[in-house]
Amino acid sequence: MSQKSWDVLRIVAGLYLAYLGVKSMMTAISDRPENMVFFLIMAVIFMITGAGYAIYAIRRVWAGRNEEPEEPEAIEENEDFENSGEETAEDNEEDDSEEDDANEEEEE
């Protein structure tokens, strides 16, 4: 999956956690169970965590939206590969000439 798809899933997961927190808080207030304090604390933790996670993912999506579209990485890798091949060929020619010079010096 692409990074954008993961960010959308993070937004949905964060909003769901926040929803669960709100729903738990409403249930705890209406039912007034014995451990109401625990339920309220957990509901607040769920709301804060979910909202924070969703906001983080929304900011990432928004930042990615404002960037200029880039060329696919595969094309860039091919260009780098072609350039590195040319450099290697030139380096090999230089290495061969250095070896020839060394061999001539040894023969003398």
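Scroll up a little and you will see the structure.
Small disclaimer: the values here were computed from a predicted structure and weren't measured.

Definitions and limits used
Residues numbered from 1 in each chain as written. Predicted model: local features only at pLDDT ≥ 70, side-chain atom pairs only at ≥ 80, totals over all residues. Heavy atoms only, no water. Helix = DSSP H or I, 4+ residues; strand = E, 2+ residues; numbered from the N terminus. Buried < 20%, exposed > 50% of the residue type's maximum accessible area, 1.4 Å probe, protein only. Contact = heavy atoms within 4.5 Å. Areas by Shrake-Rupley, 256 points an atom, 1.4 Å probe, with all protein chains shown as cover. 1 Å grid on protein atoms, 1.4 Å probe; cavity = no way out; pocket = protein on both sides within 12 Å on 5 of 7 lines; lining within 4 Å. Points joined across faces, edges and corners; volume = space filled by probe spheres on them. Nonpolar A, V, L, I, M, F, W, Y, C, P; charged D, E, K, R; others polar.

A. Seen up close, the overall build of the protein chain. Broken down by element type, the protein chain carries three helices and zero strands. For the protein chain, the N- to C-terminal ordering of α and β elements is α-α-α. Looking at the protein chain as a whole, 10% of its 108 residues are labelled buried. Contacts in the protein chain between residues at least 24 apart in sequence constitute 67% of all its contacts with a sequence separation of at least 6. Approximately 9,200 Å² of the protein chain is accessible, and the part contributed by carbon and sulfur atoms is 56%.

B. Up close: the layout of surface pockets. In this structure, the largest pocket encloses a volume near 220 Å³. Together, 10 residues line the largest pocket, and Arg60, Val61, Gly64, Arg65 and Glu67 are the ones closest to its centre. If you list the elements that add at least two residues to the lining of the largest pocket, you get α1 (3-31) and α2 (36-66). Among the elements that make up the lining of the largest pocket, the one with the highest residue count is α2 (five residues). In the lining of the largest pocket, the residues fall into two nonpolar, two polar and six charged.

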